[in-house]
Amino acid sequence: MIAILGAGKMGEALLSGLLRSGHDPADVVVSDARPERCAELLESYGVKALANTEAAAAAETLLLAVKPQDMPALLAEIAPHAGAVRLAISIAAGVRTATIEEWLPATPVVRVMPNTPMLVGQGASVISAGSHATEEHLVQTEELLRAVSTVTRVPERHQDAATALSGSGPAYVYYLAESMIDAGVTMGLPRATARELTLQTLTGAATLMRDSGEHPAVLREAVTSPGGTTAAAVAELERRGVRSAVLDAIVKARDRGAELAGE
Ligand SMILES: NC(=O)C1=CN([C@@H]2O[C@H](COP(=O)(O)OP(=O)(O)OC[C@H]3O[C@@H](n4cnc5c(N)ncnc54)[C@H](O)[C@@H]3O)[C@@H](O)[C@H]2O)C=CC1
Ligand SMILES: O=C(O)[C@@H]1CCC=N1
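Criteria and cut-off values
Each chain has its residues counted from 1, running along the sequence as written. Going through the entries in the order they are written, you letter the chains from A and number the ligands from 1. Reporting of local features is limited, given that this is a predicted model, to residues whose pLDDT is at least 70; pairs of side-chain atoms are given and counted only at 80 or more, and all residues count toward the totals for whole chains, interfaces and linings. Source of the domain bounds: an automatic or database domain assignment. Two residues qualify as a contact pair if the distance between their C-beta atoms, derived from the backbone, is within 7 Å. For this scheme, ten residues count as nonpolar: Ala, Val, Leu, Ile, Met, Phe, Trp, Tyr, Cys and Pro. Four count as charged, namely Asp, Glu, Lys and Arg, and the remainder, Gly too, count as polar. UniProt positions are given in the numbering used here, feature names are shortened, and annotations may be inferred rather than shown by experiment. Helix and strand labels come from DSSP, where a helix needs a run of H or I of at least four residues and a strand needs a run of E of at least two; each type is numbered from the N terminus. We count a residue as near a molecule or strand when its backbone-placed C-beta atom lies within 6 Å of that partner. Any two strands are treated as partners once DSSP identifies two or more bridges connecting them. Each residue is classified by how many other C-beta atoms fall within 10 Å of its C-beta atom, where C-beta atoms are placed from the backbone; a count of 20 or more means buried, 12 or fewer means exposed, and values in between mean partly exposed.

### As for the domain arrangement of the protein chain
Phase 1 of the analysis: As assigned here, the protein chain comprises domain 1 (2-153) and domain 2 (162-261).
Phase 2 of the analysis: Computed over C-alpha atoms only, the centres of domain 1 and domain 2 are separated by 32 Å.
Phase 3 of the analysis: With 10 residues of domain 1 at the interface, the matching set in domain 2 holds nine residues.
Phase 4 of the analysis: Taken together, the residues of the side of domain 1 that touches domain 2 break down into six nonpolar, three polar and one charged.

### With respect to the UniProt feature "binding site: NADPH" (unreviewed entry) in the protein chain
Phase 1 of the analysis: Taking the numbering used here, the UniProt-annotated feature "binding site: NADPH" (unreviewed entry) corresponds to Asn-52.
Phase 2 of the analysis: In this fold, Asn-52 is placed in helix α3 (residues 52-58).
Phase 3 of the analysis: Contact partners of Asn-52, with chain neighbours within four places excluded, come to Leu-5, Ser-31, Leu-74, Glu-77 and Ile-78.

### Here we look at the site of ligand 1
Phase 1 of the analysis: If you check the shell around ligand 1, you find 28 residues, and the closest are Gly-6, Gly-8, Met-10, Ala-92 and Ala-93.
Phase 2 of the analysis: Of all the secondary-structure elements, those providing two or more residues to the shell around ligand 1 are α1 (9-20) and α4 (71-78).
Phase 3 of the analysis: It is α1 that provides the largest number of residues to the shell around ligand 1, a total of three residues.
Phase 4 of the analysis: In terms of residue class, the shell around ligand 1 is built from 14 nonpolar, eight polar and six charged.

### Here's the deal with the sheet that holds strand β8 (residues 149-153)
Phase 1 of the analysis: Pairing is mixed across the open sheet formed by eight strands, whose spatial order is β3-β2-β1-β4-β5-β6-β7-β8. A single partner strand is all that each edge strand has here, and the edge strands are β3 (48-49) and β8.
Phase 2 of the analysis: The sheet contact formed by strand β4 (residues 61-64) and strand β5 (residues 87-90) spans four bridges and is parallel. Each bridged residue has a counterpart across the sheet, and for Leu-62 the counterpart in β5 is Ala-88.

### Regarding the pairing of β8
Phase 1 of the analysis: Examined bridge by bridge, strand β7 (residues 123-129) and β8 share five bridges and lie parallel to one another. In the sheet register, Val-126 faces β8, and the bridge partner there is Thr-152.

### Details of helix α11 (residues 229-239)
Because each turn of an α-helix spans 3.6 residues, side chains separated by three or four positions in sequence point in the same direction.
Phase 1 of the analysis: Within α11, only zero of the 11 residues are buried, leaving the element largely exposed.
Phase 2 of the analysis: The positive-phi residue at the C-terminal boundary of α11 is Gly-241, with phi of around 70°.

Here is the structure:
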């Protein structure tokens, strides 16, 4: 039995991935602080909702998907009931495996940083083993996540960097998308047209980068005609220091992650 504790946006993405990859709804339970949320998930997926303590007692695998600030209360509540748990997987940003192990001593813990494209089966997750987790636990976690994301193993000391890059990363892409759409509207394009062109450009450019395996600089050069339009735009980005702003912003996100984790 797998229990998803905290069935919000990310919890639901995990749930739908598990069911899509062939898990029986009878082998998955959810628990959430909001009863109406539990009713919704029962209605949509046919999974049973239990109280946190009952879910922890019934499951061999826990997927901990509450917000980081709700994690201490959840761990304190379930710890006395989690005797049969063989693997605890946490997706909470900035919560270290050692913190979870303080509450669930001797339990194998795997820490995951997913991202929101997991909601459409296109996530990028990084995973790290806690001190009791073995190869088998990492493989089990990879199997659970593969239906909704790619999975990359990193040592836990790289979790804050991965959180800054891929965990927060979708926000940077949406920020760029907003700017591009606004530019289109400023130049007189209908908003729907600007949105569609921006969306297809981002999707197409990402697909080309993946499928060609080329370095992004090579792909950018292929767009940039001497003395042309792209060269004018890129020169302005360089003049404004956008490249170093992006780099500094992501390092700031990494530092904030370490601060939130109490490091
Ligand atoms: N949203 C994002 O971009 C990402 C989020 N994460 C992590 O995923 C986790 C979940 O995030 P979201 O799904 O976005 O949040 P959310 O707010 O949609 O879901 C959290 C759920 O936990 C429930 N909850 C709160 N306290 C509880 C308790 N004591 N017992 C049971 N349920 C409880 C809430 O009712 C809510 O449904 C967070 O720890 C976050 O750090 C990780 C990567 C990316
Ligand atoms: O902004 C945050 O703190 C979380 C972590 C990764 C994405 N959202």
